[in-house]
Amino acid sequence: MTRYAIPRPLGVGDQQGRIDSGTLARTRSPAPGVFNAQVYATAGGAPSAELERNAACNAAIEGISKAQGQLVVEAAKTFVGATYFENGGSRSTEESMDCSGAIWLAYNKAGLPTSYYDSRSFPSNSKFIRSPNNTPQQGDVGQWNGHMLIYDEHAGSGKNGWSARRPGINFSAQSTQWWSHLGQVKWFRYRLSATCTGNSTT
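Fair warning: this is a prediction, and the values are worked out from it, not measured in the lab. (Residues numbered from 1 in each chain as written. Predicted model: local features only at pLDDT ≥ 70, side-chain atom pairs only at ≥ 80, totals over all residues. Heavy atoms only, no water.)

1. Considerations on the pairing of strand β10 (residues 159-163)
Right, so step 1: In this sheet, β10 lies alongside strand β9 (residues 147-156) in antiparallel orientation, the contact comprising three bridges. Each residue of the ladder has a partner; that of G156, found in β10, is K159.
Right, so step 2: Linking β9 to β10, which pair antiparallel, is a turn of two residues; within it S157 sits at a positive phi near 55°. (Pairing = 2+ DSSP bridges. Helix = DSSP H or I, 4+ residues; strand = E, 2+ residues; numbered from the N terminus.)

Here it is, written out as structure tokens:
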């Protein structure tokens, strides 16, 4: 029996995927929603290169769990009361920020590193994938062309997220409905690895 190791995506727990006589069986760790195709074992020869690539890419594009997203929410809640910093962007601090700066600060504070992106360029951030069916879970980023928000189903008082809203309103719980005039919100989830390109994860 020959074993073929596939690089483990960064930040993923210790899960394994096996192919035995052409049958794929997955072994999952307690971490929900994550599958790492780390090791393949074959009885009749090497798995195809395409199968290896697909398994690696599928593992790479999985998003963080709800529990991990809650860490982002908790980080964001530490900013409550911070003043609005108009066009603050990457100059934002935990005491003064705009909406995109708050996203950047919260994710990095939660241990999920990302570079700064404003609301219009955020969809090109390779650290994030679209939330399945555009349905958010804790910590997902809501994006419009002109605003961003961190989702929290438990924000309370009819609110469902945390955001730096506009001048004169400090960082606080907000509702996505307030930005409905900007169109349909797009939800994004932090991915567990770097970009999956071509034949490997990077």
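2. Focus: the layout of surface pockets
Right, so step 1: Of the pockets and cavities examined, the largest pocket occupies roughly 230 Å³.
Right, so step 2: Along the wall of the largest pocket there are 15 residues; nearest its centre are Y84, N87, D98, C99 and G146.
Right, so step 3: For the lining of the largest pocket, the class distribution of residues is four nonpolar, five polar and six charged. (1 Å grid on protein atoms, 1.4 Å probe; cavity = no way out; pocket = protein on both sides within 12 Å on 5 of 7 lines; lining within 4 Å. Points joined across faces, edges and corners; volume = space filled by probe spheres on them. Nonpolar A, V, L, I, M, F, W, Y, C, P; charged D, E, K, R; others polar.)

3. Digging into the packing of aromatic side chains
Right, so step 1: Applying the stated criterion across every chain, the model contains ten aromatic pairs.
Right, so step 2: Judged by centre distance (6.1 Å) and plane angle (80°), the rings of W104 and Y116 are edge-to-face. Remark: Y116 occurs in the loop between α3 (99-109) and β7 (128-130) and W104 occurs in helix α3; sequence separation between them is twelve residues.
Right, so step 3: A relative accessible area of 22% places W104 in the partly exposed class.
Right, so step 4: An aromatic cluster is present here, built from Y107, F122, F128, F188 and Y190 joined pairwise through their rings.
Right, so step 5: It is R130 that lies over the ring of F188; its NZ or CZ is 5.3 Å from the centre. (Phe/Tyr/Trp six-rings, centres within 6.5 Å; stacked < 30°, edge-to-face > 60°. Buried < 20%, exposed > 50% of the residue type's maximum accessible area, 1.4 Å probe, protein only. Lys NZ or Arg CZ within 6 Å of the ring centre and 35° of its normal.)

4. Notes on the pattern of salt bridges
Right, so step 1: Tallying each qualifying case throughout the model produces four salt bridges.
Right, so step 2: One salt bridge in this structure joins E94 and K109, with 3.2 Å as the shortest N-O distance. Highlighted residues: E94 in the loop between β5 (83-84) and β6 (96-97) and K109 in helix α3, separated in sequence by 15 residues.
Right, so step 3: Overall, E94 belongs to the partly exposed group, its relative accessible area being 34%.
Right, so step 4: Its relative accessible area of 41% is what places K109 among the partly exposed residues. (Salt bridge = Lys/Arg side-chain N within 4 Å of Asp/Glu carboxyl O.)

5. Focus on the side chain of Q143
Right, so step 1: The residue Q143 is located in strand β8 (residues 141-144) in this model.
Right, so step 2: Reaching out from Q143, the side chain makes a polar contact with the backbone oxygen of S119 at a distance of 2.9 Å.
Right, so step 3: In this structure, Q143 is in contact with S119, R120, F122, P123, Q184, V185, K186 and F188, ignoring residues within four places of it in sequence. (Polar contact = N/O pair within 3.5 Å; in protein donor to acceptor, adjacent residues only side chain to side chain. Contact = heavy atoms within 4.5 Å.)

6. Looking at the environment of N125
Right, so step 1: Looking at the secondary structure, you find N125 in the loop between α3 and β7.
Right, so step 2: Sequence spacing of N125 and F188 is 63 residues, and the spatial spacing of their C-alpha atoms is 9.8 Å.
Right, so step 3: Residue contacts for N125: discarding those within four places in its chain leaves T114, S115 and Y117.

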